[in-house]
Amino acid sequence: MTIMTSLSPRALSAPESGIVEVVNYARGRDGLIPLWVGEGDLPTPDFITRAAAEALVAGETFYTWQRGIPPLREALARYYQRRFQKTLAPENFYVTGSGMQAIKLAIEAIASPGDEMVLLTPAWPNFAAAADLSGVRPVSVPLRFENGKWQLDLDRLESAIGERTRALFINTPSNPTGWTATQDDLRAILSLARKRGLWIIADEIYALYYYLGGRAPSFLDIMEEDDRILFVNSFSKNWSMTGWRVGWIVAPPAIGQVLENLIQYSTSGVAQFMQRGAVVALDEGDRFVDDNVAKARRNRDMLCDALIATNRVETLKPDGALYAFLKIDGVTDARRAAIDIVDKTGVGLAPGTAFGEGGSLFMRACFLRDPAQIAEAADRLRTYILGR
């Protein structure tokens, strides 16, 4: 028996990230414009880092509340009242070591090995991988792509539900497609979940990155108190805190002890000084978030307008999230195309093959960056596309 064969099959089955593969191929090249990962180019603002640094220097370095420090859970309640017009108690919030951990714990809370979860694809690959690592089979339901726009096929979603289905994973606005559920879509999905006795794991991390005005529709707008919904979220995108690895779950207080136990036996909580920074992000960061959203909107228009004008890219401006998901004429292998584009243009894109069923012919570009970089990337990509 070799070292590798002695490992667990579940661990061995964890896939290499198709995004990271391209990143590792080209990282550090001169003149590179990296649009491949889902983050902006601004560091965490000073008012957030200063609060964390002050707490660190003050000695807030001990074990802390597993569910999150009370001031952070209270700040989350204020944030949801202000941004979602939803009154929630601090007891509805559970602080996690990233949005990724929030997803992993949500899966483990409601599903057992051998169960299934249905997700809409193309999708951020980490959800399916997290389900697999928990012994839960992800079942893909592709969105429809017609005339450059992604749409939900409710009949296809319902037909994917089987006897072992425990939950629907709904990410809206969507990474990578930008598909954003309407309130009618959400009502239909929730009605289906109620009828079939399913949980919903709602990933609404991009809710404020919505380009039709205000914030995106949310299950919070339509749900009843007894609906089985777990919301997973993160500080990463709104407040430029991707490296902090702090997230949260919104859940019924009745399952609070279960979530606390899962946190205890995975990370035993998030560092208290980091949570102090998160409190300030929520309470003082609205202008920073709004500026980020406005920049994303302008960059979305700049990038998509330039590429659509080639008449060789099939896409529409996404309604939400941070990504242009591009179908380029002649691309039949997105992974190979991503490598070719890096070599020939110095623009880093994520291959659609990384996002599961329905994404193999597409390329993803994150547009939350300096507008000058987006303009340069658009010019390089336009030259590449027209020269194919």
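Rules used in this analysis
Position numbers for residues count from 1 along each chain, tracking the sequence in the order it is written. This being a predicted model, a pLDDT of at least 70 is required before a residue's local features are given, and a value of 80 or more before pairs of side-chain atoms are given or counted; all residues contribute to the totals for chains, interfaces and linings. Water and hydrogen atoms were dropped before computing side-chain values, which therefore reflect all heavy atoms in the structure. UniProt positions are given in the numbering used here, feature names are shortened, and annotations may be inferred rather than shown by experiment. Start and end points for every domain follow an automatic or database-based domain assignment. Should any heavy atoms of two residues lie within 4.5 Å, those residues are counted as being in contact. In short, buried area is how much 1.4 Å probe accessible area vanishes from two parts on joining, totalled over both. Counted as salt bridges are all cases of a side-chain nitrogen of Lys or Arg within 4 Å of a carboxyl oxygen of Asp or Glu. We call two N or O atoms a polar contact when they sit within 3.5 Å, provided that within protein one can donate a hydrogen and the other can accept it, with sequence-adjacent residues counted only if both atoms are side-chain atoms. A run of DSSP states H or I qualifies as a helix once it reaches four residues; a run of E qualifies as a strand once it reaches two. Both are numbered from the N-terminal end. Polar here means any residue other than Ala, Val, Leu, Ile, Met, Phe, Trp, Tyr, Cys and Pro, which are nonpolar, and Asp, Glu, Lys and Arg, which are charged; Gly is therefore polar.

The protein goes by Aminotransferase in an unreviewed UniProt entry, where it is assigned to Rhizobium fredii. The annotation that UniProt attaches to the protein under Cofactor (unreviewed entry) is "pyridoxal 5'-phosphate". UniProt lists a comment for the protein under the heading Sequence similarities (unreviewed entry), and it reads "Belongs to the class-I pyridoxal-phosphate-dependent aminotransferase family."

Participant: Please explain the domain arrangement of the protein as it appears in this structure.
Facilitator: When the parts of a complex come together, some accessible area is lost, and that lost area is often taken as the interface size. What the domain assignment lists for the protein is domain 1 (16-42 + 284-385) and domain 2 (45-283). Across the boundary between the two partners, domain 1 contributes 34 residues, which contact 38 residues of domain 2. When domain 1 packs against domain 2, the two sides together hide about 3200 Å² of surface, and 57% of this comes from carbon and sulfur. On the domain 1 side of the contact with domain 2, Glu284, Asp319 and Glu357 bury the most area, a combined 21% of that side's loss. Residue Asp286 pairs with Arg82 through a salt bridge whose shortest N-O separation is 2.7 Å. Scanning the region where domain 1 abuts domain 2 turns up 18 residue pairs in polar contact (both at pLDDT 80 or more). Elements that contribute at least two residues to the side of domain 1 that touches domain 2 include exactly helix 11 (286-308), strand 12 (323-328) and strand 15 (362-366). Tallying contributions element by element places helix 11 first for the side of domain 1 that touches domain 2, with 9 residues. Class assignment of the residues belonging to the side of domain 1 that touches domain 2 gives a composition of 16 nonpolar, 7 polar and 11 charged.

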